[in-house]
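Chain by chain, the residues:
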Amino acid sequence: MRCMRVWDLPVGCLCRNHLLAEHRELHAIWIIILEGRKGYSRHPEVMRWRGKLLALAARHDQQVREMEARGYRHRSPLDLSAVPASERGRAQDTLLEPVAGQARMLRAKGCACDTRVRRR
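Parameters and conventions
Residues numbered from 1 in each chain as written. Predicted model: local features only at pLDDT ≥ 70, side-chain atom pairs only at ≥ 80, totals over all residues. Heavy atoms only, no water. Core = buried A, V, L, I, M, F, W, Y, C linked by side-chain atoms within 4.5 Å. Buried < 20%, exposed > 50% of the residue type's maximum accessible area, 1.4 Å probe, protein only. Helix = DSSP H or I, 4+ residues; strand = E, 2+ residues; numbered from the N terminus. Salt bridge = Lys/Arg side-chain N within 4 Å of Asp/Glu carboxyl O.

Ranked by size, the top nonpolar core spans 14 residues in total, and within it Ile29, Trp30, Ile33, Trp49, Leu53 and Leu56 carry the most contacts. Of all the secondary-structure elements, those providing two or more residues to this core are α1 (16–35), α2 (44–49) and α3 (53–69). The dominant element in this core, judged by the number of residues it contributes, is α1, at five residues. By size, the runner-up hydrophobic cluster in this structure holds 13 residues, among which are Val11, Leu19, Leu20 and Met105.

Let us look at the pattern of salt bridges. Scanning the model with the defined rule gives eight salt bridges in all. Between Glu45 and Arg48 there is a salt bridge, with its nearest N and O atoms 2.7 Å apart. Placement of both Glu45 and Arg48 in helix α2 is noted, with a separation of three residues, approximately one turn of the helix. Glu45 sits in the buried class, given a relative accessible area of 0%. Lys52 is the salt-bridge partner of Asp93, the closest N and O atoms lying 2.9 Å from each other. Of this pair, Asp93 sits in the loop between α3 and α4 (99–108) while Lys52 sits in the loop between α2 and α3, placing them 41 residues apart in sequence. A relative accessible area of 14% places Lys52 in the buried class. Within the structure, one salt-bridge network assembled from shared partners comprises Asp8, Glu45 and Arg48.

Right, dumping it as structure tokens:
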């Protein structure tokens with residue numbers, strides 16, 4: 001099993017720590033791809049988002065809605081105008097681990113994540 005950075009589960013099932021960590025990781029992936037940063041550029045999680053930044057932005061929107069529903073103030077919008085045509089894929093169809101496996105990984109962490117949640 002690989003280390004997940006951006007889960008393919010509903011954001012509503014993530015505990016506080018995993019939601020906020022995923023949000024930080026999403027911004028890191030965004031910057032690595034858009035600015036051509038070398039560090040972690042070959043990481044499998046970064047590689048699966050190449051060419052799919054609109055899909056990554058959609059996940060960000062889900063995170064923002066969930067964070068705001070939990071009372072957080074979001075202050076780090078993504079600049080979609082900076083996304084070149086080659087990176088404008090809207091669908092994420094590459095999984096590093098099947099969704100059921102991701103749910104098992106989260107349950108094994110013993111945190112407050114609830115993979116039975118199906119909202120947002």
